[in-house]
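# Topology and contacts: notes
As a plain string of letters, each chain reads:
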Amino acid sequence: QVQLVESGGGLVQAGGSLKLSCTASGGTFSDYAMGWFRQAPGKEREFVAVINWRGRSTTYADSVKGRFTISRDNAKNTVSLQMNSLKPEDTALYYCAAQRSYFTGSRAANDYDYWGQGTQVTVSS
């Protein structure tokens, strides 16, 4: 059983930056591709970014490409999401998720095995 805990959310003005972190425990972190998803009120959960188990392959949603960067540190069991040039439409509850995979991680939420509780990001205009 893998436990995931997100941190780093908050309130920021449009154009600002935030860095989200997710710490994993209870499993072998390098067995998993790690993804970030988000869900805004009244909307479905959507894919944001994913990084493979070695950290050498990343995939981003078109809406965040060029603004967000996902990274991981397998020695510290952490995955991070650096978010720059934030927009009001980035406002959402952000979740990290783990998918047991040695391949490029999936964009589909249903493919993930474990989820954190989420951290709120609010971007004011």
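Reference entry: report on the structure contained in this document. Here the structure is a predicted model, which means the values were calculated and not measured.

### As for the environment of Val123
- With respect to the helices and strands, Val123 occurs in strand E11 (residues 119–124).
- Those residues in contact with Val123 that sit more than four places away from it in its chain are Val12, Gln13, Ala14, Leu86, Lys87, Pro88, Asp90 and Thr91.

### Overview of the side chain of Thr78
- Position of Thr78 relative to the elements: it lies in strand E8 (residues 78–83).
- According to the relative accessible area criterion, Thr78 is buried, its value standing at 18%.
- Leave out the neighbours within four places in its chain, and Thr78 touches Cys22, Thr23, Phe29, Ser71, Arg72 and Asp73.

### Some remarks on the pairing of strand E7 (residues 68–73)
- Alternating positions in E7 separate cleanly, Phe68, Ile70 and Arg72 being buried on one face and Thr69, Ser71 and Asp73 remaining unburied on the opposite face.
- Taken together, the six bridges between E7 and E8 define a ladder with antiparallel strand orientation. Paired with Ile70 across the strands is Leu81, a residue of E8.
- The loop that links E7 with its antiparallel partner E8 comprises four residues; one of these, Asn77, has a positive phi angle of about 55°.

### Observations regarding the nonpolar core
- Formed by 37 residues in total, the largest nonpolar core has its most connected members in Leu4, Met34, Trp36, Leu81, Met83 and Tyr94.
- At the level of elements, strand E3 (18–25), strand E4 (32–39), strand E5 (46–51), E7, E8, strand E9 (92–100) and E11 are the ones that each hand at least two residues to this core.

### Topic: the sheet that holds E7
- As summarised here, the arrangement of the four strands in space is E1-E3-E8-E7, forming an open sheet in which the pairing is antiparallel. Strands at the two margins of the open sheet, each flanked by one partner only, are strand E1 (3–7) and E7. Within this sheet the neighbouring strands show an average axis-to-axis angle of 15°, counted without direction.

### Examining the pairing of E4
- Along E4, seven of the eight residues are buried, which leaves the element largely enclosed by surrounding structure.
- Note: E4 against E9, eight bridges, orientation antiparallel. Across the sheet, the residue bridging to Arg38 is Tyr94, located in E9.
- Bridging between E4 and E5 involves five bridges; their strand directions are antiparallel. Bridged to Phe37 within E5 is Phe47.

Rules used throughout
- Residues numbered from 1 in each chain as written.
- Predicted model: local features only at pLDDT ≥ 70, side-chain atom pairs only at ≥ 80, totals over all residues.
- Heavy atoms only, no water.
- Helix = DSSP H or I, 4+ residues; strand = E, 2+ residues; numbered from the N terminus.
- Contact = heavy atoms within 4.5 Å.
- Buried < 20%, exposed > 50% of the residue type's maximum accessible area, 1.4 Å probe, protein only.
- Pairing = 2+ DSSP bridges.
- Core = buried A, V, L, I, M, F, W, Y, C linked by side-chain atoms within 4.5 Å.
- Axes fitted to C-alpha atoms, helices over the stretch in contact; angles between N-to-C directions.

The values reported here are purely geometric and, on their own, carry no functional implication.
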